[in-house]
Amino acid sequence: MKQESIFKRVFLNNIKFFRFCLLLNLIFLLCFIKISSKEKSENNFIFVAFFGGKGSAEGELENPAGISVDVNGYIYVADAGNHRIQKFSERGDFLEYRGGFGWSGENFDKPFDIYAKSVLDIFVVDQNANRIVRFDKDLNYISSLAADDIEDNDLIFGYPSGIAVSKRGDIFVVDGENKRIIKINSFGNPEMSFGGFENLDFRLNQPFQIAVSPDNEIFVSDISLKKVIVFDYFGNFYFEIASSSMKSSAGIDIDNEGRLFVADPEAASVHVFDVNGSFLFTIKGNEIGGGEIIEEPVDIVFFKGLLYIVDNIQNRIYILKERN
């Protein structure tokens, strides 16, 4: 009996010790989750400078809508209200512009988005003229593709709002009128559409802008769905990205690490997601520092640690730097 009592006490003590260890592990886990959650909510970007300002003089902007940066760090802005595109240095110094109101050549009727990441070419969506305009890297006009030039009625686009080019040279255009994406091959011929009424798995509601990831996935912001929709290269629905803090989704960009940056004009913020679409943190327009406030971010681009944000209300481009 005495031996049995000793065994019982040892057994009970072991159970208590085991419970104690479980409690310690639980406390550690909760602390880790809390720390990780805190790290994910931290904004690692700080204000550096801004350029632009309301007006029509060189370097000034009127309702800027789109932005892009080429491989050399030059900044290109779709200056929609002034019907032109402008080129700036990496620091925001004005260099040159192309445009002026018109429906042909290098003139524009509300250029809404611009893509300059290609090594050789720069593409602009001329929204009200229903066309895509192509320039070389020195902003010499090359050609344009207008909706009226497309023979296949099923692939005609209207009021385009976004453009991106893949590594293969295919062009993806947001067809605002028909609420879909048009794919144009490297020879300049429209060859397919997706995300519209023809899609059985997912239908876009108000697509706004587009980006192609390093893995050739197609990201489309839908401003009314308040999400970013991801398709594979052939237009098949893949998954969607959203967060409780996102009130709208306008301009988007993807860096070389696969991080997704989403401009949210309604929340006056920029949301950042990881390569898998998991929320990382939010850059709030009233917390960028330097006494500055971003009121309506409509487009963004990330380049070598710098985040360029288009503020449509203040007619400025804000530059934020990522801390190491």
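Above this text is the structure in question.
Just so you know, these numbers come straight off a predicted model, no measurement behind them.

Trainee: Describe in detail the packing of aromatic side chains, supporting the description with residues and values.
Mentor: For the structure shown, the criterion picks out 20 aromatic pairs. Here Phe135 and Tyr141 contribute two aromatic rings whose centre-to-centre distance is 6.2 Å and whose plane-to-plane angle is 80 degrees, an arrangement assigned as edge-to-face. Summarising the aromatic geometry, the rings of Phe202 and Phe231 are spaced 6.5 Å apart at their centres and angled 80 degrees between planes, so their arrangement reads as edge-to-face. Pair noted here: Phe202 is in the loop between β13 (190-194) and β14 (207-212) and Phe231 is in strand β16 (residues 227-231), with a separation of 29 residues, a long-range link. Owing to a relative accessible area of 14%, Phe202 belongs among the buried residues under this scheme. With a relative accessible area of 0%, Phe231 lands in the buried category. By way of ring pairs, the aromatic residues Phe172, Phe194, Phe202, Phe231, Tyr233, Phe234 and Phe237 are connected into one cluster. Directly above the aromatic system of Tyr74 lies the positively charged group of Lys87, at a separation of 4.4 Å from the ring centroid. Sitting over the face of the ring of Phe50, Arg316 holds its NZ or CZ atom 3.8 Å from the ring centroid.

Trainee: Help me get a handle on a negative patch on the surface, residues and values and all.
Mentor: Among the surface-exposed residues, Glu151, Asp152, Asp154 and Glu198 lie close enough to one another that they form a single negatively charged patch. Within the secondary structure layout, Asp154 lies in the loop between β9 (141-146) and β10 (160-165). When its relative accessible area of 57% is taken as the criterion, Asp154 is described as exposed.

Trainee: So what's going on with the pattern of salt bridges? Residues and values would help.
Mentor: Pairs can form between side chains of opposite charge once their charged atoms are near each other. Enumeration according to the criterion identifies 17 salt bridges in this entry. Of the charged contacts, one joins Asp138 and Lys137 as a salt bridge, the two residues approaching to 3.6 Å between their closest N and O atoms. For Glu191, the salt bridge identified is with Lys183, shortest N-O distance 3.2 Å. Exposure remark for Glu191: the relative accessible area of 42% places this residue in the partly exposed category. Relative accessible area serves as the criterion here: at 5%, Lys183 is assigned to the buried category. A single network of salt bridges, built from pairs that share partners, joins Asp255, Glu257, Arg259 and Glu322.

Trainee: Could you give an account of the environment of Ile181, naming the residues involved and the relevant values?
Mentor: Relative to the helices and strands, Ile181 resides in strand β12 (residues 180-184). Between the C-alpha atoms of Ile181 and Ile210, which are 29 residues apart in sequence, the distance is 8.8 Å. Not counting residues within four places of it along the chain, the set of residues in contact with Ile181 comprises Phe172, Val173, Val174, Met192, Ser193, Phe194, Leu204, Ile210 and Val220.

Trainee: Can you explain the side chain of Gln209? Please cite residues and give values.
Mentor: Its location among the elements puts Gln209 in strand β14. Residue Gln209 is classed as buried on the basis of its relative accessible area, which comes to 3%. Within the local environment of Gln209, its side chain forms a polar contact with the backbone nitrogen of Ile252, the two atoms lying 3.0 Å apart. Once you skip the residues sitting within four places of it in the chain, Gln209 turns out to touch Asp113, Gly162, Val174, Phe219, Val220, Ser221, Ala250, Gly251, Ile252 and Asp299.

Trainee: I'd like to hear about a nonpolar patch on the surface, residue by residue, with values.
Mentor: A grouping of Val71, Val119 and Leu120 is seen on the molecular surface, where their side chains present a nonpolar patch of about 290 Å² in accessible area. Looking at the secondary structure, you find Val71 in the loop between β2 (66-69) and β3 (75-79). Residue classification places Val71 among the partly exposed positions, given a relative accessible area of 43%.

So, how was this worked out
- Residues numbered from 1 in each chain as written.
- Predicted model: local features only at pLDDT ≥ 70, side-chain atom pairs only at ≥ 80, totals over all residues.
- Heavy atoms only, no water.
- Phe/Tyr/Trp six-rings, centres within 6.5 Å; stacked < 30°, edge-to-face > 60°.
- Helix = DSSP H or I, 4+ residues; strand = E, 2+ residues; numbered from the N terminus.
- Buried < 20%, exposed > 50% of the residue type's maximum accessible area, 1.4 Å probe, protein only.
- Lys NZ or Arg CZ within 6 Å of the ring centre and 35° of its normal.
- Patch = residues over 30% accessible without salt bridge, like charges linked within 9 Å, V, L, I, M, F, W, Y side chains within 5 Å.
- Areas by Shrake-Rupley, 256 points an atom, 1.4 Å probe, with all protein chains shown as cover.
- Salt bridge = Lys/Arg side-chain N within 4 Å of Asp/Glu carboxyl O.
- Lys, Arg positive; Asp, Glu negative; His and termini not counted.
- Charge placed at Lys NZ, Arg CZ, Asp CG, Glu CD.
- Contact = heavy atoms within 4.5 Å.
- Polar contact = N/O pair within 3.5 Å; in protein donor to acceptor, adjacent residues only side chain to side chain.

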